Amino acid sequence: MKKFLAMLLAMVMMLGCVAFADAVNPDDIPDTVTSADGKYEIAFVTDVGQLKDKSFNQGTWNGVKSYAAANNLTYKYYQPANGNEATDDDRYDAMKAAAEGGAKVVVAAGFMQGTALTKAAIEFPAVNFVFIDGWPLSDAEGNVLTNVAAISFQEEQAGYLAGYAVVRDGFTKLGFSGGGGGTNAACDRYGYGFAQGANAAAAEMGVQVELRYSWQYGASFSASSELQTMVAGWYQSGTEIVFACGGSMFQSIVAAAAAADKYVVGVDVDQSYESETVVTSALKGIAEAAQLSIASNYDGTWAETYGGKLTVLGANQNAVGLPTDTWSMEIFTVAEYEKLMASMKDGSLVVSAEDLQADAITKVDFSNLTVIYE
């Protein structure tokens, strides 16, 4: 993890200097603070699932509160009403509460925020909004909303690295359990990248690899007994390692892995700290991206760097990767990983970024990978 943070520091230097709380463990920064005037300057609106999902929400929140704490700013998180059943109105109400509560910057996590965020950005033009895993937004007349910064990632690259690594490490029976029901672009890219990486490694090694692939029980990104039962069945039938790609779904998949003495690939953040079953994690710099975009609101660079634009972060920005300091690879080496990363950066390795929704992956012809879609 230290190496990954060091790489991301290079992105910080490239995009501008800002006071970050890198030396402070985000878990040591309180989730709630008291504001003397009742106003909170930096706000976070969660995606579906829990704030402490040990994945996407928590990773983004760590960036928000780390920046705020390092710069002595008040901060607050807002969870839309109705939990996993939240509507666009619920999400808008959370954004409105944040704006009326004094927020100068509101960070909204997840692609589901688009409709509500458009409405909030139009209603509160003096507030800057950061749309993580989003796209540029426009008003009804087609005018781009310059108070919205869209940040997305090349998840296909992170997924590729993870799939390649685990196959090179000896795993041949893989699983992918994704969130969003097959309609979440980030999860789609993670899954397709994972399959591409696994296939490439298998072809190099001259072996055949099996990949169980499912969006079942993941529509709300939540843990569930049904999901745990499904993955437990995979493990029982021979699956060795499962890519847990969907927020709190991680909890169910890890529980199934622990019971079967099998393994897991984490997502978004380094999840090795959560379970010994985690071999590695497909990382993307959500915390760092949140900090960088918030910082641009304060250093005067918002308009030129983020406002009204789509910022796509990947290998060339050191924004995706694997946590080499904490992974438990036994065969695949750090030197081999670094060579693979270098090939992504110089363009000799291109990972397809196609958004393969639902069962579309079954239409792909892999040379050394058999997809079992469930």
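See above for the structure.
Residues numbered from 1 in each chain as written. Predicted model: local features only at pLDDT ≥ 70, side-chain atom pairs only at ≥ 80, totals over all residues. Heavy atoms only, no water.

So, the sheet that holds strand β12 (residues 320-321)
Paired through backbone hydrogen bonds, the strands of a sheet run either parallel or antiparallel to each other. Ordered by their spatial adjacency, seven strands build an open sheet running β12-β10-β9-β8-β6-β7-β13, and the pairing between neighbours is mixed. This sheet does not close on itself; its edge strands, each paired only once, are β12 and β13 (369-373). Each of β6 (173-178), β7 (209-214), β8 (241-245), β9 (263-268), β10 (278-284) and β12 touches helix α5 (residues 155-168); the most contacted strand, β10, lies at about 160 degrees to it. (Pairing = 2+ DSSP bridges. Helix = DSSP H or I, 4+ residues; strand = E, 2+ residues; numbered from the N terminus. Contact = heavy atoms within 4.5 Å. Axes fitted to C-alpha atoms, helices over the stretch in contact; angles between N-to-C directions.)

Points about the packing of aromatic side chains
A full pass over the atoms with the stated rule returns 16 aromatic pairs. Ring geometry for Trp61 versus Tyr77: centroids 5.5 Å apart, planes at 75 degrees, classification edge-to-face. Of the two residues, Trp61 sits in helix α2 (residues 56-70) while Tyr77 sits in strand β2 (residues 75-78), which places them 16 residues apart along the sequence. The class of Tyr77 is partly exposed, set by a relative accessible area of 27%. Positioned above the aromatic ring of Tyr92, the side-chain terminus of Lys119 is 4.1 Å from the ring centre. (Phe/Tyr/Trp six-rings, centres within 6.5 Å; stacked < 30°, edge-to-face > 60°. Buried < 20%, exposed > 50% of the residue type's maximum accessible area, 1.4 Å probe, protein only. Lys NZ or Arg CZ within 6 Å of the ring centre and 35° of its normal.)

Details of unusual backbone geometry
Peptide bonds are mostly trans, and most non-glycine residues show a negative phi. At Lys54, a residue that is not glycine, the phi angle is positive and equals roughly 60 degrees. You can see Lys54 is positioned in the loop between β1 (42-45) and α2. Classification of Lys54 by relative accessible area gives partly exposed; the value is 32%. One non-glycine residue, Asn72, adopts positive backbone phi at about 55 degrees. With respect to the helices, strands and loops of the structure, Asn72 is situated in the loop between α2 and β2.

A short note on the pattern of salt bridges
Scanning the model with the defined rule gives 14 salt bridges in all. The partner of Glu210 in a salt bridge is Lys173, and the shortest N-O contact between them spans 3.8 Å. Of the two residues, Glu210 sits in strand β7 while Lys173 sits in strand β6, which places them 37 residues apart along the sequence. A relative accessible area of 22% places Glu210 in the partly exposed class. Residue classification places Lys173 among the partly exposed residues on the basis of a relative accessible area of 32%. (Salt bridge = Lys/Arg side-chain N within 4 Å of Asp/Glu carboxyl O.)

Brief notes about empty space enclosed by the protein
In total, this model carries two cavities of 30 Å³ or more according to the counting rule given. The computed volume of the largest cavity comes to approximately 150 Å³. Surrounding the largest cavity, 18 residues form its lining, Asp47, Phe56, Cys187, Phe221 and Asp268 being those nearest its centre. The set of elements that each furnish at least two residues to the lining of the largest cavity consists of α2, α6 (185-205) and β9. The biggest single contributor to the lining of the largest cavity is α6, with three residues. (1 Å grid on protein atoms, 1.4 Å probe; cavity = no way out; pocket = protein on both sides within 12 Å on 5 of 7 lines; lining within 4 Å. Points joined across faces, edges and corners; volume = space filled by probe spheres on them.)

Overview of the packing of α5 against helix α11 (residues 334-345)
One way to put it is that α5 packs onto α11 with a least axis distance of 11 Å and a crossing angle of 150 degrees. Where α5 crosses over α11, the handedness of that crossing is right-handed. Between α5, through Gln157, Tyr160, Leu161, Tyr164 and Arg168, and α11, the contact on the second element is made entirely by Glu336, Tyr337, Leu340, Met341 and Met344. For the contact of α5 with α11, a count of residues per class yields seven nonpolar, one polar and two charged. (Left-handed = near helix turned anticlockwise from the far one by under 90°. Nonpolar A, V, L, I, M, F, W, Y, C, P; charged D, E, K, R; others polar.)

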